[in-house]
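Remarks on the overall topology
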Amino acid sequence: MAALLIDDIEQAARRLFEGGLVAFPTETVYGLGADAGHPEAVSQIYEAKRRPAGHPLIVHLAPGTPLETWAREVPDEARRLAAAFWPGPLTMILPRADHVSPAITGGQDSVGLRCPAHPVAQALLARFSELKSSPSGVVAPSANLFGQVSPTSAAHVLSEFAQTSHDILVLDGAASQVGIESTIIDLSRLKQGAGPVLLRPGHITAQQIEVVLGVPVHEPDHAAPRVSGSLKAHYAPRTPLRLMSRDELTRALAAWPPRAGRVAVWCFSLEGLAVSEAVHAFLAPTRPEDYARQLYARLRTFDDVGDYAAIFLEAPPAGTVWAGVADRLRRAAAAFE
Ligand code: TXA
Ligand code: MG
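Residues numbered from 1 in each chain as written. Chains lettered and ligands numbered in written order. Predicted model: local features only at pLDDT ≥ 70, side-chain atom pairs only at ≥ 80, totals over all residues. Heavy atoms only, no water.

**Focus on the sheet that holds strand β11 (residues 241–244)**
- Judged by pairing direction, the sheet is parallel, and its four strands sit side by side in the order β11-β14-β12-β13 without closing on themselves. Either end of the sheet is taken by a strand with one partner, and the two such strands are β11 and β13 (279–283). The average angle at which neighbouring strand axes cross in this sheet is 20°, direction not considered.
- Each of β11 and β14 (308–314) is contacted by helix α10 (residues 323–334), which is oriented at about 130° to β11, the strand it contacts most. (Pairing = 2+ DSSP bridges. Helix = DSSP H or I, 4+ residues; strand = E, 2+ residues; numbered from the N terminus. Axes fitted to C-alpha atoms, helices over the stretch in contact; angles between N-to-C directions. Contact = heavy atoms within 4.5 Å.)

Following this line, the structure appears as structure tokens:
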């Protein structure tokens, strides 16, 4: 029982078809995949990730799969978003089709659908759908243990599952280009007048969605579907992490006692910071796309160094283009509050 690195898409598609687990690259993060129509395979995902039951999974579709295969109602809004952003880093929540298992939806009446843009993911999904008579889809949460930092390379997946008691094939596909999980937009309650609701910000911004739909995108309220990435603490490294304004960071470093150990800092400039031997400062990218691409690998590197007493991150600027990154940083920091 182990995680095994491969580059053979045929072997991976067959493993999925047989009810096994395959981790695969997507443009957002690596996913841990199983046949969405195979209940035992789906339950293996929860076991392997140590994910509590009741957290719904996203169904990944090969390009060209009709939305009706998985959704019983397909509003015009969903078609317009699919035309604009698929294949790509957008997940849509729609009313589920009757055949969709409650194990996938967390018992809810909706289903999450995404068509990834990564060529390896697309080839895997297309070959899997040839093997499987329709409807075919692959459920894939991020390929990390529950609550941990999502993997953006095959090496990250192998290290997450180094001790696994499951057989997992890990399909190689270089580093994920987006680097944070897909934007999730809930379109399941349009008929009830709820409007589109942003459940998880990401690379595709609320503003881009508003441009396509021509209506405002809402923040989640208490009636919105549950999202596990929306738990207050999530995406956390092992090393205690603090998110700070520039002023807080400047003061905290000036006051950092060397006997407290070494601190890793990811900040937008070194100017005015008290950088001592106990302070290892690294420059963060100033473009949100670059920051998102590097974020999870950076947190893993800080963890892997092993002896940092703390990680201090300078908070990124406000604004919709930073919303995905800001959300992940807040949740990572919340694990240590
Ligand atoms: O970018 C991504 O979305 C990656 C890659 C692998 O595709 N996947 C991913 O999966 O982030 P996961 O399981 O880590 O996060 C999926 C999120 C969860 O927060 C889950 O609650 C939400 O999608 N979700 C799935 N189905 C849902 C539904 N029917 N209603 C509400 N939320 C749903
Ligand atoms: Mg996840």
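**Focus on the pattern of salt bridges**
- Applying the stated criterion to the full structure yields 20 salt bridges.
- Salt-bridge contacts for Arg189 lead to Asp186; the nearest nitrogen and oxygen are separated by 3.5 Å. Residue Arg189 shares its accessibility class with Asp186, and that shared class is buried.
- Here Arg246 and Glu314 are joined by a salt bridge, their closest N and O atoms 2.8 Å apart. Highlighted residues: Arg246 in helix α8 (residues 246–254) and Glu314 in strand β14, separated in sequence by 68 residues.
- For Arg246, a relative accessible area of 24% puts it in the partly exposed group.
- The buried category is assigned to Glu314, whose relative accessible area is 8%.
- What you see here is one network of salt bridges that share partners, running through Glu10, Arg14, Arg127 and Glu130. (Salt bridge = Lys/Arg side-chain N within 4 Å of Asp/Glu carboxyl O. Buried < 20%, exposed > 50% of the residue type's maximum accessible area, 1.4 Å probe, protein only.)

**Details of the packing of helix α1 (residues 9–17) against helix α5 (residues 119–131)**
- Relative orientation of the contacting elements α1 and α5 amounts to 50°, with a least axis distance of 9 Å. Viewed along their axes, α1 and α5 adopt a mutual orientation that is oblique. The element α1 and its partner α5 pack so that their crossing is right-handed. Where α1 approaches α5, its residues Ile9, Glu10, Ala12, Ala13, Arg14, Leu16 and Phe17 are matched on the opposing element by Val120, Ala123, Leu124, Arg127, Phe128 and Leu131. (Parallel < 35°, antiparallel > 145°, perpendicular 65-115°, else oblique. Left-handed = near helix turned anticlockwise from the far one by under 90°.)

**A word on the pairing of strand β12 (residues 262–267)**
- Burial analysis of β12 places five of its six residues in the buried class, which makes it a mostly covered element.
- With five bridges connecting them, β12 and β14 associate as parallel partners. When the bridges of β14 are listed, Val265 appears paired with Phe312.
- As judged from the five bridges shared by β12 and β13, these two strands associate in the parallel manner. By the bridge assignment for β13, Val263 is matched with Val279.

**Looking at the packing of helix α9 (residues 288–305) against α10**
- For the pair α9 and α10, interaxial distance at closest approach is 9 Å and the crossing angle is 35°. Considering how the two elements wind past one another, α9 and α10 form a crossing that is left-handed. Two secondary-structure elements touch here, α9 through Pro288, Tyr291, Ala292, Leu295 and Tyr296 and α10 through Val325, Arg328 and Leu329.
- Taken together, the residues that form the contact of α9 with α10 break down as seven nonpolar, no polar and one charged. (Nonpolar A, V, L, I, M, F, W, Y, C, P; charged D, E, K, R; others polar.)

**Some words on the packing of aromatic side chains**
- The full count for this structure, using the stated rule, is eight aromatic pairs.
- Each ring, one from Tyr235 and one from Tyr296, has its centre 6.3 Å from the other, and the planes form 20°; the classification is stacked. Placement of Tyr235 in the loop between α7 (206–213) and β11 and of Tyr296 in helix α9 is noted, with a sequence separation of 61 residues between them.
- These aromatic residues form a ring-pair network of at least three members: Trp266, Phe268, Tyr291 and Trp322.
- Here the guanidinium or amino end of Arg298 rests over the ring plane of Phe282, the centre of that ring lying 4.8 Å away. (Phe/Tyr/Trp six-rings, centres within 6.5 Å; stacked < 30°, edge-to-face > 60°. Lys NZ or Arg CZ within 6 Å of the ring centre and 35° of its normal.)

**Let's talk about the nonpolar core**
- Within the largest apolar cluster, 47 residues are counted, with the highest numbers of intra-cluster contacts made by Met92 and Leu113.
- Not counting residues up to four positions away in its chain, the partners in contact with Leu113 are Ile58, Val59, Leu61, Leu67, Trp70, Ala71, Trp86, Leu90, Thr91, Met92 and Leu94.
- Judged by nonpolar contacts, the second largest core, of 24 residues, contains Ile180, Tyr296, Phe302 and Ile311. (Core = buried A, V, L, I, M, F, W, Y, C linked by side-chain atoms within 4.5 Å.)

**What to know about a nonpolar patch on the surface**
- The grouping of Leu270, Val275 and Leu283 at the surface amounts to a nonpolar patch, some 270 Å² of accessible area in total.
- Mapped onto the elements, Leu270 comes out in the loop between β12 and β13. (Patch = residues over 30% accessible without salt bridge, like charges linked within 9 Å, V, L, I, M, F, W, Y side chains within 5 Å. Areas by Shrake-Rupley, 256 points an atom, 1.4 Å probe, with all protein chains shown as cover.)

**Looking at helix α2 (residues 39–49)**
- Among the residues of α2, Ala41, Val42, Ile45, Tyr46, Ala48 and Lys49 are the ones counted as buried.
- Residues of α2 that are buried make contact with β2 (21–24), β3 (31–35), α4 (102–105), β7 (138–139) and β8 (168–171).
- Looking at the residues trailing α2, positive phi occurs at Arg50, about 55°.

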